[in-house]
Amino acid sequence: MLNIISWNVKTAKSLKRRSRIKTWVSLNKPDILILQETLLPCCTDSIVKQIWGSDSMEWRALDSMGRSGGILIIWNPNKVSIVDFIIGTFSINIHFVNNSDNFHWLLSGVYGPRDTNERKRLWKELTIMKAIWCLPWVVAGDFNTVLFMAERKGCTRRDRGMKDFGKFCDHHELIDIPIAGAKYTWTSSSTSSNPHLSKLDRFLVLSDWEDHFLTINVTALARPFSDHKPIILSCSYEDWGHLHSAVKLCGSWNLLSCLS
């Protein structure tokens, strides 16, 4: 079993916040943890231990710029080993190998810019990363946009950002694994009677990564704090008799939007 959690924590700057994240992590026990919007201008072993705890760990971080951004990926080196990595402008890209079966794969942890034009730079950056390694690929994080109208409450048209995201997924034949447990992953307010709601967080995989595992599931977890729900990708080598129903993004945008 391999468990990967992606979560926009909204900030990990304060010791109190990191302590709350640590408690949550100890309960959910991810093998790999991808945090977005850490707002950490500089990460250290000490800070990471305040999030992960005393268990064995390794990590890579993309520092925040001013009062926004920041990505932190932490993993259990007993489950996966790092081969190489590149830290981009919007992503951390790590070539991992599974210790259990020597399976090599690429993880890209992303935090998408809010601006549509800036987000085009993310798609170019990820395209370069894929070309460098040519490995089975997982892309995970907060993309700050949606693919389909049904993923944004009250949406009545597909904007340019949604179309750009769709073209990126279509070009690379990425598979969007449906999230069980939640239609939306982000809310503008936990107290408003009519908040803005969107599915900003997701896992995308290539078919060669998907085919390596017998079962793959993505589930939205309860939101302990932050305005984003954590999502967990669970992969099993054992056949439990059920396979996920992934949606392959290969150009059927209008049909899938209607079905949603």
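Right above here is the structure, for reference.
What comes next concerns the included structure. As the structure is a computational prediction, the values presented were derived from the model and not from experiment.

Cut-offs applied
Position numbers for residues start from 1 in each chain and track the written sequence from start to end. Per-residue local features of the predicted model are confined to residues with pLDDT of at least 70, and side-chain atom pairs are confined, for both listing and counting, to 80 or more; whole-chain, interface and lining totals are unaffected and use all residues. Excluded from the side-chain calculation are hydrogens and water; included are all heavy atoms of the structure. The pairing test for Phe, Tyr and Trp rings, Trp by its six-membered ring, is centres within 6.5 Å, and the orientation test on the planes gives stacked under 30 degrees, edge-to-face over 60, and tilted for anything in between. By definition, any uninterrupted DSSP run of H or I lasting at least four residues is a helix, any uninterrupted run of E lasting at least two residues is a strand, and each is numbered from the N terminus. Throughout, exposure labels follow a simple rule: accessible area from a 1.4 Å probe, protein chains only, divided by the maximum for the residue type, with under 20% read as buried, over 50% as exposed, and the rest as partly exposed. Whenever Lys or Arg places a side-chain nitrogen within 4 Å of a carboxyl oxygen from Asp or Glu, that contact is recorded as a salt bridge. N or O atoms within 3.5 Å of each other form a polar contact, as long as, within protein, one can give a hydrogen and the other can take it, and as long as residues adjacent in sequence are counted only when both atoms are side-chain atoms. Any two residues having at least one pair of non-hydrogen atoms within 4.5 Å are treated as being in contact. Patch rule: a residue counts if its relative accessible area is over 30% and it has no salt bridge; like charges are joined within 9 Å, and nonpolar side chains (Val, Leu, Ile, Met, Phe, Trp, Tyr) within 5 Å. For every accessible area listed, the method is Shrake-Rupley and the probe measures 1.4 Å; residues are considered covered only by the protein chains on display. For the purpose of charge, His is not counted, nor are the chain termini; Lys and Arg are scored as positive and Asp and Glu as negative. One atom stands in for each charge, and that atom is NZ of Lys, CZ of Arg, CG of Asp or CD of Glu. By definition here, a helix of n residues has an expected span of 1.5 Å times n minus one. The arc in question is formed by the directions pointing from the helix axis toward the C-beta atoms. Strand pairing is defined by DSSP finding a minimum of two bridges between the two strands. An axis is simply a line fitted to the C-alpha atoms; with a helix, the fit covers only the stretch in contact. Between two such axes, the angle follows the N-to-C directions and lies from 0 to 180 degrees.

## Focus: the packing of aromatic side chains
Part 1 of the reasoning: One pass over the structure, following the stated rule, counts 12 aromatic pairs.
Part 2 of the reasoning: Centroid distance Trp 7 to Phe 225: 5.2 Å. Interplanar angle 50°. Geometry classified as tilted. Linking Trp 7 in strand S1 (residues 2–8) with Phe 225 in the loop between strand S14 (215–220) and strand S15 (231–236), this pair joins segments that are 218 residues apart in sequence.
Part 3 of the reasoning: Judged by relative accessible area, Trp 7 falls into the buried class, the value being 0%.
Part 4 of the reasoning: The interplanar angle of 45° and the centroid separation of 4.6 Å between the aromatic rings of Trp 209 and Phe 213 together place this pair among those described as tilted. Take Trp 209 and Phe 213: they sit in the same class, and that class is buried.
Part 5 of the reasoning: By way of ring pairs, the aromatic residues Trp 75, Phe 96, Phe 103, Trp 105, Trp 209 and Phe 213 are connected into one cluster.

## Remarks on the pattern of salt bridges
Part 1 of the reasoning: Tallied over the entire structure, the rule returns 10 salt bridges.
Part 2 of the reasoning: Measuring nitrogen to oxygen at the nearest pair gives 3.6 Å for the salt bridge that ties Arg 114 to Glu 37. You can see Arg 114 sitting in the loop between strand S7 (104–111) and helix H3 (116–133) and its partner Glu 37 sitting in the loop between strand S2 (32–36) and helix H2 (45–52), a full 77 residues away along the chain.
Part 3 of the reasoning: The exposed category is assigned to Arg 114, whose relative accessible area is 53%.
Part 4 of the reasoning: A residue is classified by how much of its surface remains accessible, and Glu 37, at 7% relative accessible area, is buried.

## What about the side chain of Asp 227?
Part 1 of the reasoning: Looking at the element boundaries, Asp 227 is found in the loop between S14 and S15.
Part 2 of the reasoning: The exposure class of Asp 227 is buried, given its relative accessible area of 17%.
Part 3 of the reasoning: Here the side chain of Asp 227 touches Trp 186 through a polar contact of 3.2 Å, side chain to side chain.
Part 4 of the reasoning: Those residues in contact with Asp 227, other than ones at most four positions away along the chain, are Lys 10, Thr 185, Trp 186 and Thr 187.

## Some points on a positive patch on the surface
Part 1 of the reasoning: Residues Lys 120, Lys 124, Arg 157, Arg 160, Lys 163 and Lys 167 make up a contiguous surface patch of positive charge.
Part 2 of the reasoning: Put simply, the parts of the chain that give the positive patch at least two residues each are H3 and helix H4 (160–172).
Part 3 of the reasoning: Here the element with the most residues in the positive patch is H4; it accounts for three residues.
Part 4 of the reasoning: Here Lys 163 lies in helix H4.
Part 5 of the reasoning: Relative accessible area serves as the criterion here: at 43%, Lys 163 is assigned to the partly exposed category.

## Let's talk about H3
Part 1 of the reasoning: In this model, H3 (18 residues) spans 27 Å end to end at C-alpha, consistent with the 26 Å of a helix rising 1.5 Å per residue.
Part 2 of the reasoning: Listing the buried residues of H3 in full gives Arg 119, Leu 122, Trp 123, Glu 125, Leu 126, Met 129 and Trp 133. Seen from one end, H3 has its buried residues packed into an arc of 160°, which puts them on one side. Pointing more than 90 degrees away from the buried face of H3 are the exposed residues Lys 124 and Ala 131.
Part 3 of the reasoning: Those residues of H3 hidden inside the fold are in contact with strand S5 (80–87), strand S6 (91–98), S7, strand S8 (137–142) and H4.
Part 4 of the reasoning: The opening residue of H3 is Asp 115, an N-cap whose side-chain oxygen sits 3.1 Å from the backbone nitrogen of Asn 117.
Part 5 of the reasoning: Of the residues one or two after H3, Cys 134 is the one with positive phi, at around 55°.

## Structural notes on the sheet that holds strand S4 (residues 71–75)
Part 1 of the reasoning: Read from one edge to the other, the open sheet built from seven strands follows the order S3-S4-S2-S1-S15-S14-S10, with strand pairing classed as mixed. A strand with exactly one partner marks an edge of an open sheet, and here the two such strands are strand S3 (58–62) and strand S10 (179–180).
Part 2 of the reasoning: With five bridges connecting them, S2 and S4 associate as antiparallel partners. Looking at the pairing, Leu 33 lines up with Ile 74 of S4.
Part 3 of the reasoning: Each of S2, S3 and S4 is contacted by H2, which is oriented at about 70° to S4, the strand it contacts most.

These figures capture arrangement, not role.
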